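# Analysis of the macromolecular model
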Amino acid sequence: MWKWVCWVWLHWYVALRAEASVLAGHPDARARVDAARSVVVGNPVATAQLDRAQALLDDDLTRQLAAARAFDAAGCRYQSARTLLLARSGHAAAGTAALADLGLAPVAVG
């Protein structure tokens, strides 16, 4: 059981670390996203998080929106809304509305 629990948490750890690296502008961000891919295979939410991180790193709006759809498909409405906020380019209003639908206050994206 312990090995399984560690394995699942490892998905979240590497995905979060990779995305945080991208958001912080860490010089190893790309390598961390790439390395995390093989760890999260089979986990659609962690994969969507890495897809979002990669899209942010590459400034790829199409892939950011695809990540939002992947979060929606996985039932992760907050993460989908957050992705829309990060995508900006006119999508922030939809992200803010989605957060409001969840009962959450809008946030400033800077």
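Here is a short report on the structure shown in this document. Remember, predicted model here, so these are calculated numbers, not experimental data.

### Some thoughts on the overall build of the chain
- When its secondary structure is counted, the chain shows six helices and zero strands.
- For the chain, the N- to C-terminal ordering of α and β elements is α-α-α-α-α-α.
- Over its C-alpha atoms the chain spans a radius of gyration of 14 Å, differing by no more than 12% from the 13 Å that the globule rule assigns to 110 residues.
- Buried positions account for 34% of the 110 residues belonging to the chain.
- Of the contacts formed within the chain by residues at least 6 apart in sequence, a portion of 43% connects residues at least 24 apart.
- For the chain, the accessible area works out to roughly 6400 Å², and carbon and sulfur atoms hold 62% of it.
- For the chain, the centre of its 11 positive side-chain charges and the centre of its 9 negative side-chain charges are spaced 5 Å apart.

### Description of the packing of helix H5 (residues 77-87) against helix H6 (residues 92-101)
- Following both chains from N to C, one finds H5 and H6 inclined at 155°, their axes separated by 7 Å at the closest point. The angle between H5 and H6 falls in the class roughly antiparallel. Crossing of H5 against H6: the hand is left-handed. Contact residues: H5 offers Arg77, Tyr78, Ala81, Leu84 and Leu85, while H6 offers Ala92, Ala94, Gly95, Thr96, Ala98, Leu99 and Asp101.
- Of the residues belonging to the contact of H5 with H6, the class tally is eight nonpolar, two polar and two charged.

### Regarding a nonpolar patch on the surface
- A surface patch of nonpolar side chains, amounting to about 250 Å² of accessible area, comprises Tyr78, Leu102 and Leu104.
- With respect to the helices and strands, the residue Leu104 is situated in the segment after H6.
- Here Leu104 falls in the partly exposed class, since its relative accessible area comes to 39%.

What counts and how
- Residues numbered from 1 in each chain as written.
- Predicted model: local features only at pLDDT ≥ 70, side-chain atom pairs only at ≥ 80, totals over all residues.
- Heavy atoms only, no water.
- Helix = DSSP H or I, 4+ residues; strand = E, 2+ residues; numbered from the N terminus.
- Rg over C-alpha atoms; globule rule 2.2 N^0.38 Å.
- Buried < 20%, exposed > 50% of the residue type's maximum accessible area, 1.4 Å probe, protein only.
- Contact = heavy atoms within 4.5 Å.
- Areas by Shrake-Rupley, 256 points an atom, 1.4 Å probe, with all protein chains shown as cover.
- Lys, Arg positive; Asp, Glu negative; His and termini not counted.
- Charge placed at Lys NZ, Arg CZ, Asp CG, Glu CD.
- Axes fitted to C-alpha atoms, helices over the stretch in contact; angles between N-to-C directions.
- Parallel < 35°, antiparallel > 145°, perpendicular 65-115°, else oblique.
- Left-handed = near helix turned anticlockwise from the far one by under 90°.
- Nonpolar A, V, L, I, M, F, W, Y, C, P; charged D, E, K, R; others polar.
- Patch = residues over 30% accessible without salt bridge, like charges linked within 9 Å, V, L, I, M, F, W, Y side chains within 5 Å.
- Salt bridge = Lys/Arg side-chain N within 4 Å of Asp/Glu carboxyl O.

Without other data, these values stay purely geometric and don't point to any function.
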